[in-house]
Amino acid sequence: GQQVQQSPASLVLQEGENAELQCNFSTSLNSMQWFYQRPGGSLVSLFYNPSGTKHSGRLTSTTVIKERRSSLHISSSQTTDSGTYLCALERGNMGYKLTFGTGTSLLVDP
Amino acid sequence: EAAVTQSPRSKVAVTGGKVTLSCHQTNNHDYMYWYRQDTGHGLRLIHYSYVADSTEKGDIPDGYKASRPSQENFSLILELASLSQTAVYFCASSPQTYEQYFGPGTRLTVL
């Protein structure tokens, strides 16, 4: 079965609204990585977060290993935040490999 | 700044033909990876390598070979391209257990 599940699959916001993206996993992990994928392709790493909470500007990532979940919070969204957000699980006991979720497609309207 | 480049950026291939996708990194990273992305599947790992002249199978290696002739270069080879291999392919590198840095992707269309 799917080891990494992301929700919601898609989300539409008005500029200025906040968003909470979820990633749930069913297997052990070494770490969780969040990526932003621009329309058109390339991936940008947002957070490498083994556990706890990390902040970067308007973004906050929280990973709770015991509960097998990680979240990405976007505050005061902007139209330039539109794109796809992917979480990826670095699996335990399997070397340095990532298992990706299917992503959350975010559209921020002006 | 981490740098991973891929070539070509897009390619159209014929069914049954041979395709080679190339990846080059200037990060001095030990690990390199090849993923493919299909709509609805996220990214899936095809092959990876942790040292030159050695490659390992990922989650979906069937129909693909990989080659790591040097620390900087990692190639993905489709000996007999098939329609089902139409996808976007991403290369990445990482310094062992740490965040991965991705290239810009190669869009492959097999006709």
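Note: the structure precedes this text.
Not measured: the values here are computed from a predicted model.

**Q** Would you mind going over the pattern of salt bridges with me for this structure?
**A** Where charged atoms of side chains with opposite charge meet at close range, the side chains can pair. Under the counting rule described, the total for this entry stands at five salt bridges over all chains. The salt bridge partner of Arg58(A) is Asp81(A), with a shortest N-O separation of 2.9 Å. Of this pair, Arg58(A) sits in the loop between strand 6 (52–56) and strand 7 (59–64) while Asp81(A) sits in the loop between strand 8 (69–74) and strand 9 (83–91), placing them 23 residues apart in sequence. When its relative accessible area of 8% is taken as the criterion, Asp81(A) is described as buried. Glu79(B) is the salt-bridge partner of Lys65(B), the closest N and O atoms lying 3.6 Å from each other. In this pair, Lys65(B) is assigned in strand 7 (residues 65–67) and Glu79(B) in the loop between strand 8 (73–78) and strand 9 (87–94), connecting sequence segments 14 residues apart. When its relative accessible area of 35% is taken as the criterion, Glu79(B) is described as partly exposed. Here the salt bridges do not stand alone but share partners, grouping Arg36(B), Asp38(B) and Arg44(B) into one network.

**Q** Would you mind going over the state of the cysteines with me for this structure?
**A** Between two cysteines, a covalent bond joining their sulfur atoms is known as a disulfide. Taken as a whole, this structure holds two disulfides over all chains when the rule is applied. Across the disulfide from Cys23(A) sits Cys87(A); the S-S distance is 2.0 Å. Taking the sign of the S-S torsion, 70° for the link of Cys23(A) and Cys87(A), the bridge is right-handed. With a gap of 64 residues between them, Cys23(A) in strand 3 (residues 19–25) and Cys87(A) in strand 9 connect regions that are remote in the sequence. Note on Cys87(A): relative accessible area 0%, which makes it buried. Shown here is the disulfide that connects Cys23(B) with Cys91(B), its sulfur atoms set 1.9 Å apart. What sets the handedness of the Cys23(B) and Cys91(B) disulfide is the S-S torsion sign, and at about -80° it is left-handed. On the criterion of sequence distance, the pair formed by Cys23(B) in strand 3 (residues 19–25) and Cys91(B) in strand 9 is long-range, its members being 68 residues apart.

**Q** Which parts of the structure should I look at to understand the sheet that holds strand 1 (residues 4–7) of chain B?
**A** What links the strands of a sheet is backbone hydrogen bonding, and the strands pair in either a parallel or an antiparallel sense. Residues and elements named next belong to chain B. Across the sheet, four strands lie side by side as 1-3-8-7; this open sheet has antiparallel pairing. Single-partner strands in this sheet number two, and they are strand 1 and strand 7. In this sheet, adjacent strand axes meet at a mean angle of 20° when their direction is disregarded. When strand 1 meets strand 3, the two strands line up antiparallel, connected through four bridges. Bridged to Thr5 within strand 3 is His24.

**Q** Mind showing me how you'd approach the sheet that holds strand 3 of chain A here?
**A** Residue and element names in this part refer to chain A. Strand order in the open sheet made by the five strands is 1-3-8-7-6, with antiparallel pairing throughout. The open sheet has two free edges, formed respectively by strand 1 (4–7) and strand 6, since each of these has just one partner strand. For this sheet, the mean angle separating the axes of adjacent strands, direction not counted, is 15°. Where strand 1 meets strand 3, four bridges bridge the pair, whose relative direction is antiparallel. Following the sheet pairing, Ser7 is matched in strand 3 by Gln22.

Cut-off values and rules
- Residues numbered from 1 in each chain as written.
- Chains lettered and ligands numbered in written order.
- Predicted model: local features only at pLDDT ≥ 70, side-chain atom pairs only at ≥ 80, totals over all residues.
- Heavy atoms only, no water.
- Salt bridge = Lys/Arg side-chain N within 4 Å of Asp/Glu carboxyl O.
- Helix = DSSP H or I, 4+ residues; strand = E, 2+ residues; numbered from the N terminus.
- Buried < 20%, exposed > 50% of the residue type's maximum accessible area, 1.4 Å probe, protein only.
- Disulfide = S-S within 2.5 Å.
- Pairing = 2+ DSSP bridges.
- Axes fitted to C-alpha atoms, helices over the stretch in contact; angles between N-to-C directions.

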